[in-house]
Amino acid sequence: MNILITGGAGFIGSHVVRRFLKFYPNYNIINFDKLTYAGNLSNLKDVEDNPKYTFFKGDICSLDDVTNAFKIHNITHVIHLAAESHVDRSIEGPLEFAMTNVVGTLNLLSVAKSFWNEGEHVFHHVSTDEVYGSLGEEGLFMETTPYDPRSPYSASKASSDHFVSAFYHTYGFPIKMSNCSNNYGSHHFPEKLIPLMIGNIVNMKPLPVYGKGDNIRDWLWVEDHASAIDAIFHKGKIGESYNVGGLNEWRNIDLVNFLCDLLDKKLNRESGTSASLITYVKDRAGHDQRYAIDASKISAELGWKPSIKFEEGLEKTVDWYLNNQDWVDEVTSGAYQDYYKKMYS
Ligand code: NAD
Ligand code: DAU
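Each value, and the rule that gives it
- Residue numbers run consecutively from 1 along every chain, following the written order of its sequence.
- Chains and ligands are labelled sequentially in the order written, the chains with letters from A and the ligands with numbers from 1.
- Thresholds applied to this predicted model are a pLDDT of at least 70 for local features of residues and 80 or more for the giving and counting of side-chain atom pairs; totals over whole chains, interfaces and linings are not thresholded and use all residues.
- Side-chain calculation: all heavy atoms of the structure are included, whereas hydrogens and water are not.
- Buried Ala, Val, Leu, Ile, Met, Phe, Trp, Tyr and Cys residues form a nonpolar core when they are joined through side-chain atoms within 4.5 Å.
- Note on classification: 1.4 Å probe, protein chains only; a residue is buried when its accessible area is under 20% of the maximum for its type, exposed when over 50%, partly exposed between these limits.
- Every helix listed is a DSSP run of H or I at least four residues long, and every strand listed is a run of E at least two residues long, numbered separately from the N terminus.
- Whether two residues touch is decided by their heavy atoms; if any such pair falls within 4.5 Å, the residues are in contact.
- Here, any two strands with at least 2 DSSP bridges between them count as paired.
- When the strands point away from the viewer, a crossover counts as right-handed if the route from the first strand across the helix to the second turns clockwise.
- Summary of the distance rule: residues count as near a molecule or strand when at least one heavy atom falls within 4 Å of that molecule or strand.
- Residues adjacent in sequence count toward polar contacts only when both atoms are side-chain atoms; beyond that, a polar contact is any pair of N or O atoms within 3.5 Å, and within protein one must be able to donate a hydrogen and the other to accept it.
- Three classes are used: nonpolar for Ala, Val, Leu, Ile, Met, Phe, Trp, Tyr, Cys and Pro, charged for Asp, Glu, Lys and Arg, and polar for all others, with Gly counted as polar.

Residues I194, L207, L255, L259 and F310 are the most contacted members of the largest nonpolar core, which totals 29 residues. At the level of secondary structure, the elements contributing two or more residues to this core comprise α6 (193-202), β8 (207-210), β9 (216-221), α8 (252-266), α10 (310-323) and α11 (325-331). In terms of residue count, α8 provides more of this core than any other element does, 7 residues in total. Ignoring any residue separated from it by four or fewer positions in sequence, one finds L255 in contact with L193, I194, W219, W250, F310 and L314. Judged by nonpolar contacts, the second largest core, of 22 residues, contains I30, F32, F56 and I175.

Following this line, the structure appears as structure tokens:
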């Protein structure tokens, strides 16, 4: 099997690459990535000498790049994670999200379709729970929940999902799809809530909580997302989509306070020191109130479930960031500094 993993140098992609190399030593893994600000090859330093691993620098929007990757590596399977992934950036500049997430996905589908005439193939598209919109106090997102994207990011992901599904219905193209809730863990780019807060707590900077801090997210350990992708890729049905989530809902403010308490202890600070940095700031435009996933389909049909409790995963995550300040400095140098200043000064 020659698997093209797009976005393998990003947060979730790097965990998927590592998992597949570890558990499937016969597979050839080709990490196809443009290396945007969010992609970093140092995320995969530990596997770069593995003979079954190859890095291919390319843009999913480029017909030439994708065609070359398919030709050179005789690609038989795809796990597609490459995307622009940050909601705040999509509000600032939606066009890039349409280009990468919609046009890039369509380009990838079209090239794969042109190469795959016979044989067993799978195109696994990795998507998000944000395509379902925003929940009130009750209810969970199910695979049957109608799409209702509300941010430019989620609109672009929803559109890509529709193209993937259209390829299945129109051409019988062998797709599988997953829609996952918020991930957390190591190598998470420090513009997202959890790593941003950890960094700012460590450096005694203000902790920007949007609006009232009462928005709710359903958090999942990134390695559990990688294990769900593994289960769907190997055992999921062609043409089906699977929701993936942690049944682990947290209000943003409670999560930030939890991190403050944890880091006060780890950094030997007086209790309450870090929480005093909490600063309520202007709300995100169109901020979705609540996400929560019903993962009963993947658990009943494929036997998947999360492996680790949130408090334990968060502590591991905090320890990883405390021990990997060099990584944080590396990925936040350069262009990220301008974005950060614009957002938070
Ligand atoms: P990320 O931003 O950390 O990584 C994205 C990767 O894609 C980077 O390595 C980047 O260089 C690459 N990339 C971007 N544009 C590209 C292009 N044109 N061509 C080739 N490579 C390109 O993202 P992530 O958080 O790891 O998310 C990965 C996927 O999972 C995305 O599709 C996202 O929508 C989805 N997802 C993310 C979460 C989450 O909580 N982070 C939850 C559910 C689903
Ligand atoms: O639900 C899955 C989605 O989760 C993925 O599809 C996205 O790629 C991923 O980025 C994530 O989107 P969110 O917008 O939920 O994640 P983010 O970390 O940006 O924000 C989490 C919550 O925290 C959200 O309610 C906004 C809030 N927030 C975020 C930041 C960066 C703050 O209050 N302050 C902040 O500084």
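With that settled, the discussion passes to the pairing of strand β2 (residues 28-33). In terms of residue burial, β2 counts as a mostly covered element, since 5 of its 6 residues are buried. Here strand β1 (residues 2-6) runs beside β2; their pairing, made up of 5 bridges, is parallel. Note that in β2 the partner of I3 across the bridge is I29. In this fold, β1 hands off to helix α1 (residues 11-23), which returns the chain to β2; that crossover is right-handed. As paired elements, β2 and strand β3 (residues 53-57) share 5 bridges and run parallel to each other. Opposite D33, over in β3, you have K57 as the bridge partner.

Close to ligand 2 lie 24 residues; T128, D129, Y153, R284 and H287 are nearest. Within the side chain of Y153, one N or O atom sits 2.6 Å away from an oxygen atom of ligand 2. Taken together, the elements giving at least two residues each to the shell around ligand 2 come down to α6 and β8. Here the shell around ligand 2 gets 3 residues from one element, more than from any other, and that element is β8. Among the residues making up the shell around ligand 2, the classes are represented as 10 nonpolar, 8 polar and 6 charged.

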